[in-house]
Amino acid sequence: MKAETFLPDDYRPAEDEPFMNERQLEYFRRKLLDWKAELLDESRHTIEGLQDSTRNIPDITDRASEETDRALELRTRDRQRKLVVKIDAALRRIDEGEYGYCEKTGEPISLKRLDARPIATMTLEAQERHERREKVHRDD
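As a starting point, this report considers the structure included with it. (Residues numbered from 1 in each chain as written. Predicted model: local features only at pLDDT ≥ 70, side-chain atom pairs only at ≥ 80, totals over all residues. Heavy atoms only, no water.)

What follows concerns the overall build of the protein. Looking only at helices and strands, the protein has 4 helices and 0 strands in total. The secondary structure elements of the protein, listed N-terminal to C-terminal, are α-α-α-α. On C-alpha atoms alone, the protein measures out to a radius of gyration of 20 Å, which is more than a quarter above the 14 Å that the 2.2 N^0.38 rule sets for 140 residues. Principal-axis analysis of the C-alpha atoms places the extent of the protein at approximately 65 × 50 × 25 Å. Burial analysis of the protein (140 residues in total) assigns 29% to the buried set. Accessible surface, the protein: about 10,100 Å² in total, of which carbon and sulfur atoms supply 51%. The averaged location of the 34 negative side-chain charges in the protein is 4 Å from the averaged location of its 28 positive side-chain charges. (Helix = DSSP H or I, 4+ residues; strand = E, 2+ residues; numbered from the N terminus. Rg over C-alpha atoms; globule rule 2.2 N^0.38 Å. Buried < 20%, exposed > 50% of the residue type's maximum accessible area, 1.4 Å probe, protein only. Areas by Shrake-Rupley, 256 points an atom, 1.4 Å probe, with all protein chains shown as cover. Lys, Arg positive; Asp, Glu negative; His and termini not counted. Charge placed at Lys NZ, Arg CZ, Asp CG, Glu CD.)

So, about the nonpolar core. The nonpolar side chains of a soluble globular protein tend to be buried, and buried together. Formed by 23 residues in total, the largest nonpolar core has its most connected members in Met20, Phe28, Leu32, Ile87, Ile94, Tyr99 and Leu114. Breaking this core down by element, the ones donating at least two residues are α1 (22-52), α2 (60-96) and α3 (111-116). Broken down by element, this core gets its largest block of residues, 6 residues, from α2. (Core = buried A, V, L, I, M, F, W, Y, C linked by side-chain atoms within 4.5 Å.)

Right, let's get into the environment of Tyr101. If you trace the backbone, Tyr101 turns up in the loop between α2 and α3. For Tyr101, a relative accessible area of 32% puts it in the partly exposed group. Distance in space between the C-alpha atoms of Tyr101 and Thr123 is 7.8 Å, their sequence separation being 22 residues. Excluding residues that lie within four positions of it along the chain, Tyr101 makes contacts with Phe19, Met20, Gly106, Glu107, Pro108, Ile109 and Thr121. (Contact = heavy atoms within 4.5 Å.)

What follows concerns α2. In a regular helix each residue adds 1.5 Å, so 37 residues correspond to 54 Å; α2 covers 54 Å between its end C-alpha atoms and thus fits that length. Burial in α2 covers these residues: Glu66, Arg77, Gln80, Leu83, Val84, Ile87, Ala90, Leu91, Arg93 and Ile94. Backbone geometry just downstream of α2 places Gly97 in the positive-phi region, at approximately 80°. (Expected span 1.5 Å × (residues − 1).)

Following the criterion strictly, the structure yields 4 aromatic pairs and no others. Centre to centre, the rings of Phe19 and Tyr101 are 5.2 Å apart; their planes meet at 85°, and the pair counts as edge-to-face. Within this pair, whereas Phe19 is found in the segment before α1, its partner Tyr101 is found in the loop between α2 and α3, the two being separated by 82 residues in sequence. Measuring from ring centre to ring centre gives 5.5 Å for Phe28 and Tyr99, while their planes differ by 45°; the resulting arrangement is tilted. With Phe28 in helix α1 and Tyr99 in the loop between α2 and α3, the pair connects residues that are 71 residues apart, well separated along the chain. For Phe28, a relative accessible area of 0% translates into the label buried. Tyr99 sits in the buried class, given a relative accessible area of 1%. An aromatic cluster of three or more residues is present, and its members are Tyr11, Tyr27, Phe28 and Tyr99. (Phe/Tyr/Trp six-rings, centres within 6.5 Å; stacked < 30°, edge-to-face > 60°.)

Scanning the model with the defined rule gives 11 salt bridges in all. A salt bridge links Lys36 to Asp88; the shortest N-O distance between them is 2.6 Å. You can see Lys36 sitting in helix α1 and its partner Asp88 sitting in helix α2, a full 52 residues away along the chain. For Lys36, a relative accessible area of 21% corresponds to the partly exposed category. (Salt bridge = Lys/Arg side-chain N within 4 Å of Asp/Glu carboxyl O.)

Here's what the structure looks like:
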C-alpha cells in the first residue's frame, strides 16, 4: 500500500508545479472521495425519507403533490447514482496514472477545469468539439 501524501488543508493545485504530481493527485482523490461520500449520504437520507413517508394520504391533491415530489427526488438520486459511477471512473484513472489527461487528445486538462469538474475526461476544447458534433448528429 502506498504511503499517504501530506496535503496541507489550504492546498490548491497550481500551474507552476509539475502536472499531476503526487500532491495534485492526492488533492483530486480526496475531492472525489468527499464528493462521493456526500452523494451516498444524501442517498441514504432519501431512502430513509421514502421509507418513513409511505403513508396513505386521503386528499387526492396532496397525494399527487407528494408523488410528484417523490418522483423528482428519485430522478435526482438517479442522476447522482450516475455521478457516483463517473467519480469511481475518475478514481480508477488516478490509480492507473491517466487522470488529468484528455481521453481524446492526450493533452493535460486544465487544473481550473478539473477543480470545477473533477470527473472531466476531456479538455474544454475537445468537449466543445464533441458537443458540437453531437448536436449536428442529433439534428439529423
